[in-house]
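# Fold and contact review
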Amino acid sequence: SKSQTRGIIYVDSVKQPYGFRKEDLALLTALSSPAAIAVENALLYSNLEKIVETRTKTLGETEEKLQINEARFKAIFNNMSSGVVVYKAIDNGKDFIILDSNKADLKIEKTKKKQKLQKSLLESSPNFKDINLLLLETLKRVWKTGKPESRTITLSKGEENISISREYYIYRLPSGEIVAIYDDVTDRKKSEAEQKALQEQLLHSQKIESIGAFAGGTAHNFRNILQAILGNIEYIEMINTENKEIGELTQSIYDSVEKGVDLINNLLHFSKRGGKYELTKVDLGEVIKETHGIIDRVFDKNIEIKLNLQKDLFIKGNSSLLSQVFMNLLSNARDAMKDGGKLLIETKKTNHKVVAVISDTGHGMDKETLGKIFDPFFTLKEAGQGTGLGLSTTHGIVEQHKGTISVKSKPGQGSTFTISFPSVAVRKSKRAKPQHVPILGKGEKILIIDDEHPSLEAISNLTESLGYKTISIDTPVEALNNYKKWAPDAVLIDRSMPEMDGNTCIKEIMKIDPKAKAIFVSGYEESGPHGVDEKVKHLINGYLTKPFGLVELSRALSRALAT
């Protein structure tokens, strides 16, 4: 008082670290002035009127400061982005009533202050009852222990079944009141879940890409094996034409080889991903047959698959994308029939539309689920079993093809997906019946280069049976070293070999003999891995994808030699 120290008030926070607040300081500051005046009054009683005047002035200034501080505190409290609620314990900490809350809390909980104040925690927000139950446990612990706690609560919002998430920081004031500061992190948690799902989808896409690359390599090796089987069986059949038993056996082997070729072609077709997708006229029935060729071998035998497909159902589309549509739908149908069931796939044409219907006898879906199945990231599968993007992708592909997709389902009564596409007209052309009589050679010399010995031997036997003379070599280097000496009329060369690939070998052959006639024979399709070198395309006289038969080989050699 009057620039003199009349006494000292010392305050410390004993049980609660940093428990002394600015508000406490303001309060003590206000109390210190009358205390100083009281001391001064005792010493200077004679100057009472002057001191009273000074005291009154000081009290006015202090009250003004308190009002400013209170206004500042209220402004901070109500303009915080986080929700803040102040609770008071009742019934010895069994429940808590709300003393105050800020605007952010009222906005998050969509309520009014008068509906919350002086009400217990569970009564204040009936829509968030489940969250408040868990929050009550935390409030009790903090009130008893005095230790602050942080926790995240994620639950469904009442009967609306909407997932909400909140992050809380809860601490106890020296007065015993409990303060809960929280943020609604529902959107952030949802974004994190979507990001995780996208990462899983990316990983899934990378796996599919790896499977595609693996399928290409497997197709090459498998086709070489099939070439050896097909070539040798045709050769055996030719030298045993009068033996009916061998003819019956060879027909069975032909059927097996054809199934093997179909399986490889279907896998390669389905594994094509990325890039630009061209829309051409495709038969929807054929697309479904190709997809069925894949799933029929991997589905459990307790699932009965029935096809009822009309012919000539042409639409404008991309076979690879459409295969993905039906692969997704059929896979979902399988997952819905864990204990077995029936899967029916039907196609028909109605009112200039091509319609495909996929029905299963699985567990079905309720109305709420039906309304969400095409939403991205929605899935009923367990964590790690699905990304929730399958049907969303399917819906997008169908719309890309200017089609529609709908679903009908009831719990326990299976599901039926109906897909409709605009049909397109296709002119039917009269095709000449394929000739199955091989074109025979006239003793021309054919050089065959293939590093796979079974395939090399089979192709050599077929070529010789057509009336050609053959030179079979398993290394390109040896073929180049002896090319001038052998002077072949045509060359059958594998595209993929370890020492030197077919592209390089043909270039070297052309340096030796610019008029050389070469035909690629490969387990890869012409557009397969790395493809045919652009500089080599105009040098070759044909391309045969393994496995090929006698007639196909005879025509390729005949065309090359006639060039």
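Conventions used here
- In this convention, every chain numbers its residues from 1, walking through the sequence in written order.
- This being a predicted model, a pLDDT of at least 70 is required before a residue's local features are given, and a value of 80 or more before pairs of side-chain atoms are given or counted; all residues contribute to the totals for chains, interfaces and linings.
- Side-chain figures throughout are based on the complete set of non-hydrogen atoms in the structure, without hydrogens or water.
- Whenever Lys or Arg places a side-chain nitrogen within 4 Å of a carboxyl oxygen from Asp or Glu, that contact is recorded as a salt bridge.
- Only protein chains enter the calculation, and the probe is 1.4 Å; a residue is then buried if its accessible area is under 20% of its type maximum, exposed if over 50%, and partly exposed in between.
- Here a helix means four or more residues in a row that DSSP labels H or I, a strand means two or more in a row labelled E, and each is numbered from the N terminus.
- Axes here refer to lines fitted to C-alpha atoms; in helices the fit is confined to the stretch in contact. Angles between the N-to-C directions go from 0 to 180 degrees.
- Note on terminology: angles under 35 degrees are roughly parallel, angles over 145 are roughly antiparallel, angles of 65 to 115 are roughly perpendicular, and the others are oblique.
- When the near helix sits turned anticlockwise from the far one by under a right angle, the crossing is termed left-handed; a clockwise turn instead gives a right-handed crossing.
- Whether two residues are in contact is decided by their heavy atoms: any pair within 4.5 Å suffices.
- Nonpolar residues are Ala, Val, Leu, Ile, Met, Phe, Trp, Tyr, Cys and Pro. Charged residues are Asp, Glu, Lys and Arg, and all others, Gly as well, are polar.
- Among the buried residues, those of types Ala, Val, Leu, Ile, Met, Phe, Trp, Tyr and Cys that are joined through side-chain atoms within 4.5 Å form a nonpolar core.
- Strands were regarded as paired on the criterion that DSSP finds at least two bridges between them.

### Digging into the pattern of salt bridges
Here the structure, examined in full by the defined rule, presents 16 salt bridges. Put simply, arginine 334 and aspartate 335 hold a salt bridge, and the shortest N to O gap is 3.4 Å. For arginine 334, a relative accessible area of 28% gives the class partly exposed. For glutamate 508, the salt bridge goes to lysine 511, with nearest N and O atoms at 3.3 Å. Taken together, the residues glutamate 508 and lysine 511, both in helix H15 (residues 502-512) and three residues apart, mark about one turn of the helix. The exposure class of glutamate 508 is partly exposed, given its relative accessible area of 28%. With a relative accessible area of 63%, lysine 511 lands in the exposed category. One network of salt bridges, in which partners are shared, links Asp105, Glu109, Lys116 and Arg166.

### What about the packing of helix H8 (residues 284-298) against helix H9 (residues 319-335)?
The relative placement of two packed helices comes down to the angle between their axes together with the axis-to-axis distance. Packing of H8 against H9 leaves a shortest axis separation of 9 Å and a crossing angle of 55 degrees. With respect to H9, the axis of H8 lies oblique. Here the hand of the crossing between H8 and H9 comes out right-handed. In this structure, H8 uses Leu284, Val287, Ile288, Thr291, Ile294 and Ile295 to contact H9, whose residues at the interface are Ser319, Leu322, Ser323, Phe326, Met327 and Leu330. Class assignment for the residues of the contact of H8 with H9 results in nine nonpolar, three polar and no charged.

### What to know about the nonpolar core
One finds Leu284, Phe326, Leu329, Leu343, Ile358 and Ile419 to be the most contacted residues of the largest nonpolar core, which totals 35 residues. A per-element tally of this core places H9 first, with eight residues. Those residues in contact with isoleucine 419 that sit more than four places away from it in its chain are Val325, Phe326, Leu329, Val354, Val355, Ala356, Ile358, Val398, Thr404 and Ile405. By size, the runner-up hydrophobic cluster in this structure holds 24 residues, among which are Tyr483, Trp486, Cys505 and Met510.

### Description of the sheet that holds strand E13 (residues 445-449)
Strands sit in the order E14-E13-E15-E16-E17 across an open sheet of five strands; the sheet is parallel. If you trace the sheet from one side to the other, it starts and ends with strand E14 (469-473) and strand E17 (543-545), each paired once. Neighbour to neighbour, the strand axes of the sheet diverge by 20 degrees on average, direction disregarded. Sheet analysis places E13 next to E14, joined by five bridges and oriented parallel. Its bridge partner lying in E14, lysine 445 is registered against lysine 469. Packed on one face of the sheet, H15 meets E13, strand E15 (490-494) and strand E16 (518-522) and runs near 155 degrees to E15.

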